[in-house]
Amino acid sequence: MVAGELVQEHLRRDNAPDEIDISCKSSVHNGAVPIGDQYTDLTNGSAHLTELDSKALEQEIPPGEKQAMLPGEEKGIETKLYWRRFAVLAVFSFYSLVNAFQWIQYSIITNIFTHFYNVSSDKIDWLSIVYMVAYVPLIFPATWLLDKKGLKLTALMGAGLNCVGAWVKCASVRPDLFGVTMTGQIICSIAQVFILGLPSKIASVWFGPKEVSTACATAVLGNQLGTAIGFLLPPVLVPNTVEDIELMGHNISVMFYGTAVVSTAFFILTVIVMKDRPSLPPSQAQAVLPDCAPEDYSYRQSIINLFKNKPFILLLISYGIMTGSFYSVSTLLNQMIMACYENQELNAGRIGLTLVVAGMVGSIICGLWLDHTKTYKMTTLFVYILSFIGMLVFTFTLDLNSIYLVFFTAGVLGFFMTGYLPLGFEFGVEITYPESEGTSSGLLNAFAQIFGIIFTLIQGRLTTDYNPLAGNLFLCVWIFLGIFLTALIKSELRRNNVNMGMDHRNLQAVPTECPSDKPTNGVKMETSVSFSHETSL
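Residues numbered from 1 in each chain as written. Predicted model: local features only at pLDDT ≥ 70, side-chain atom pairs only at ≥ 80, totals over all residues. Heavy atoms only, no water.

## Quick word on the overall build of the protein
Part 1 of the argument: Counting its regular elements, the protein contains 20 helices and 0 strands.
Part 2 of the argument: Buried residues in the protein amount to 60% of all 537 residues.
Part 3 of the argument: Per element, the accessible surface of the protein, about 21100 Å² overall, is 63% carbon and sulfur. (Helix = DSSP H or I, 4+ residues; strand = E, 2+ residues; numbered from the N terminus. Buried < 20%, exposed > 50% of the residue type's maximum accessible area, 1.4 Å probe, protein only. Areas by Shrake-Rupley, 256 points an atom, 1.4 Å probe, with all protein chains shown as cover.)

## Notes on the pattern of salt bridges
Part 1 of the argument: The final tally for this structure, using the stated rule, is 3 salt bridges.
Part 2 of the argument: With its nearest N and O atoms 3.0 Å apart, the salt bridge here joins Arg 85 to Glu 211. Of the two residues, Arg 85 sits in helix H3 (residues 84–104) while Glu 211 sits in the loop between helix H8 (198–206) and helix H9 (212–237), which places them 126 residues apart along the sequence.
Part 3 of the argument: In this structure Arg 85 comes out as buried when scored by relative accessible area, which is 9%.
Part 4 of the argument: Across the pair Asp 465 and Arg 461 runs a salt bridge whose closest N-O atoms are separated by 3.9 Å. With a gap of 4 residues between them, Asp 465 and Arg 461 both fall in helix H18 (residues 437–465), about one helical turn apart. (Salt bridge = Lys/Arg side-chain N within 4 Å of Asp/Glu carboxyl O.)

## Some details on the nonpolar core
Part 1 of the argument: Within the largest apolar cluster, 121 residues are counted, with the highest numbers of intra-cluster contacts made by Tyr 95, Phe 113 and Ile 202.
Part 2 of the argument: Take this core: its biggest share by element is 13 residues, from helix H13 (residues 310–340).
Part 3 of the argument: Those residues in contact with Tyr 95, other than ones at most four positions away along the chain, are Ala 155, Gly 158, Ala 159, Asn 162, Ile 195, Leu 198, Phe 266, Thr 270 and Met 274.
Part 4 of the argument: Among the nonpolar cores identified, the runner-up in size contains 5 residues, and Ile 77, Ala 285, Ala 287 and Tyr 433 belong to it. (Core = buried A, V, L, I, M, F, W, Y, C linked by side-chain atoms within 4.5 Å. Contact = heavy atoms within 4.5 Å.)

## Description of the environment of Ile 186
Part 1 of the argument: Summarising the element assignment, Ile 186 is placed in helix H7 (residues 178–193).
Part 2 of the argument: Between the C-alpha atom of Ile 186 and that of Tyr 131, which follows or precedes it by 55 residues, the distance is 7.1 Å.

## Here we look at a nonpolar patch on the surface
Part 1 of the argument: On the surface, Trp 126, Val 133, Ile 450, Ile 454, Leu 457 and Ile 458 cluster together into a nonpolar patch covering about 460 Å² of accessible area.
Part 2 of the argument: Contributions of two or more residues to the nonpolar patch are made by helix H5 (121–149) and H18.
Part 3 of the argument: The element contributing the most residues to the nonpolar patch is H18, with 4 residues.
Part 4 of the argument: As for its position among the elements, Trp 126 is in helix H5. (Patch = residues over 30% accessible without salt bridge, like charges linked within 9 Å, V, L, I, M, F, W, Y side chains within 5 Å.)

## Some thoughts on unusual backbone geometry
Part 1 of the argument: Phi is positive for Asn 118, which is not a glycine, with a value near 55°.
Part 2 of the argument: Within the secondary structure, Asn 118 sits in the loop between helix H4 (110–117) and H5.
Part 3 of the argument: A residue is classified by how much of its surface remains accessible, and Asn 118, at 70% relative accessible area, is exposed.
Part 4 of the argument: In this model, Asn 401 sits at a positive phi of 60°, which is unusual for a non-glycine residue.
Part 5 of the argument: Its location among the elements puts Asn 401 in the loop between helix H15 (376–397) and helix H16 (403–417).

## Some thoughts on the packing of H13 against H15
Part 1 of the argument: Where H13 meets H15, the axes come as close as 12 Å, and the angle between the chain directions of the two elements is 25°. Taken as axis vectors, H13 and H15 run roughly parallel relative to one another. The two elements H13 and H15 cross, and the hand of that crossing is left-handed. Here Ser 318, Ile 321, Met 322, Val 329, Leu 333 and Met 336 of H13 come into contact with H15, specifically with Tyr 384, Ser 387, Met 391 and Phe 394.
Part 2 of the argument: Considered class by class, the residues forming the contact of H13 with H15 number 8 nonpolar, 2 polar and no charged. (Axes fitted to C-alpha atoms, helices over the stretch in contact; angles between N-to-C directions. Parallel < 35°, antiparallel > 145°, perpendicular 65-115°, else oblique. Left-handed = near helix turned anticlockwise from the far one by under 90°. Nonpolar A, V, L, I, M, F, W, Y, C, P; charged D, E, K, R; others polar.)

## Examining the environment of Gly 158
Part 1 of the argument: Within the element layout of this structure, Gly 158 appears in helix H6 (residues 151–170).
Part 2 of the argument: Judged by relative accessible area, which is 0%, Gly 158 ranks as buried.
Part 3 of the argument: For the pair formed by Gly 158 and Ile 190, sequence separation is 32 residues and the distance between their alpha carbons is 7.9 Å.
Part 4 of the argument: In this structure, Gly 158 is in contact with Tyr 95, Ala 191, Phe 194 and Ile 195, ignoring residues within four places of it in sequence.

## Points about empty space enclosed by the protein
Part 1 of the argument: Within the structure shown, the criterion is met by 4 cavities of 30 Å³ or more.
Part 2 of the argument: Of all elements in the fold, only H3, H5, H9, H13, helix H17 (420–432) and H18 reach the threshold of two or more residues within the lining of the largest cavity.
Part 3 of the argument: Residues of the lining of the largest cavity, tallied by class, amount to 15 nonpolar, 9 polar and no charged. (1 Å grid on protein atoms, 1.4 Å probe; cavity = no way out; pocket = protein on both sides within 12 Å on 5 of 7 lines; lining within 4 Å. Points joined across faces, edges and corners; volume = space filled by probe spheres on them.)

## Focus on the packing of H15 against H16
Part 1 of the argument: Axis separation between H15 and H16 bottoms out at 8 Å; the angle between their running directions is 160°. The angle between H15 and H16 falls in the class roughly antiparallel. Regarding H15 and H16, the two cross each other, and that crossing is left-handed. Within the contact between the two elements, H15 uses Val 383, Leu 386, Ser 387, Gly 390, Met 391, Val 393, Phe 394 and Thr 397 and H16 uses Leu 405, Val 406, Thr 409, Ala 410, Leu 413, Phe 416 and Met 417.
Part 2 of the argument: When its residues are assigned to classes, the contact of H15 with H16 shows 11 nonpolar, 4 polar and no charged.

## Notes on the side chain of Asn 347
Part 1 of the argument: Considering the arrangement of structural elements, one finds Asn 347 in helix H14 (residues 345–373).
Part 2 of the argument: Setting aside residues no more than four positions away along its own chain, Asn 347 makes contact with Ile 403 and Phe 407.

## A word on the confidence of the model for the protein
Part 1 of the argument: Taken as a whole, the protein shows an average pLDDT of 77; of its residues, 75% reach a score of 70 or greater.
Part 2 of the argument: For the stretch residues 1–75, pLDDT sits under 50, and the model shows 185 contacts to residues farther than four places along the chain or on other chains.
Part 3 of the argument: In this model residues 502–532 is a low-confidence stretch, pLDDT under 50, and it forms 137 contacts with partners more than four residues away in sequence or in other chains. (pLDDT = per-residue confidence, 0-100.)

## Considerations on the environment of Ala 87
Part 1 of the argument: You can see Ala 87 is positioned in helix H3.
Part 2 of the argument: Of the residues examined, Ala 87 reaches a relative accessible area of 32% and is grouped as partly exposed.

## Digging into the packing of aromatic side chains
Part 1 of the argument: Scanning all chains against the criterion turns up 21 aromatic pairs.
Part 2 of the argument: Pairing Tyr 106 with Phe 256 gives two aromatic rings, centres 6.0 Å apart and planes at 55°, and the pair type is tilted. Remark: Phe 256 occurs in helix H10 (residues 245–273) and Tyr 106 occurs in the loop between H3 and H4; sequence separation between them is 150 residues.
Part 3 of the argument: Its relative accessible area of 0% is what places Tyr 106 among the buried residues.
Part 4 of the argument: The class of Phe 256 is buried, set by a relative accessible area of 2%.
Part 5 of the argument: Here the aromatic rings of Tyr 319 and Tyr 420 are separated by 5.8 Å at their centres, their planes lie at 35°, and the arrangement is tilted. Of this pair, Tyr 319 sits in helix H13 while Tyr 420 sits in helix H17, and the two are 101 residues apart along the sequence.
Part 6 of the argument: For Tyr 319, a relative accessible area of 1% gives the class buried. (Phe/Tyr/Trp six-rings, centres within 6.5 Å; stacked < 30°, edge-to-face > 60°.)

Below you can see the structure in the form of structure tokens.
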């Protein structure tokens, strides 16, 4: 049965409520049908399925290459899930964990490092803030690399720089070498640029539509687990031995060398395990996209498209507020606890651990919930509101002279605030499809770093000059604003609608014309698609 007959068969089918059209304009030249470019802006109009001649397809696609079939065939577009996807996800999560550990390992024992290096607490804060500062200017070349060169090279850059930075720190264990430890931290902060944008990319490229949100949450969980371990281990490995500076240096050295060895092991695993993509796509949404960026792909135009997307702009700001607040609380947690409770370095680390572990549970639950319901906006708004309530409770119970109450309130705050992180990633991918997942995630992280820098500096100053209450109230005001911005986001689940539309074969054919020459598995996405809005339960 040729493609034209297939299309006619689809026109006789009843239309479903969530119907979408996937289209491409094509023209025949010299007996061959060029298949469309990767895609163009998906903001208005509708898309359609291209009517293709079977002989022309045989001329365009090599005989040995596996191709996706047009809807209407018994097998549909060919997709497959590979066991390797779990290894890719695990390796990424582990080296992301080490990078997050290195971010927070200084801040949670600020008082110890200020004594060892004989510097002010502001300079120790900058060992954390440098992660945020480095991200903003470097995110654009990093996402360009991900789009043009693929997942493996980007992963190698992240794991490799993370390893180098860890070894540089090993040479900084001397009171007069604060500059060396800052250099090592800067290298690790550059590595982070090639790490934070990958969760949604790995989830989309390797995992099926019913597991993509859970996979993204798991990838983010690795980073959160690294932060949790960064709260827990440094106070244990480097106790406050003010009277013995040599012992303090030895303990710091043990922590640095241990981190470097683990970083090296995960870099080797990254070289072995990572691949750009599986042989066959895992979902219909991936199947309609080309295997690599076309030659005329414009990264600049992709950025412009995203900034023209009003729902995504609102998400950028609201995500930046929430994640920036988390960065600020994490960086200043030691100072807040020490201001209210003396000699509680260990408990400060344990409170940070409680905050992040609770958030890890929240991340997984939110990921599973999204895979089951696809209610992205409803879930995001609900979690945002509960994060605001959690921040208020944490703020007003911090100085009640009950350290165990702080454990509980930090856990509640972390469950929702940290659990929000993968929600923002997945929501961003949905409302910007088919723009690159790495680009949308990169911009979300860039705004998170910008807000993180601003919030950390202002909250740190308020905490030092006044008290932790003033700094936390500052964050509460901004999170309250974020609730309204999230409520204004118009939810169009573009990626999910493509998957659902292809699965249910609610497709229409419209004869169109547009020259193109890039193969896309026989299906082409064009300027716009009519997407259904998010449905309530």
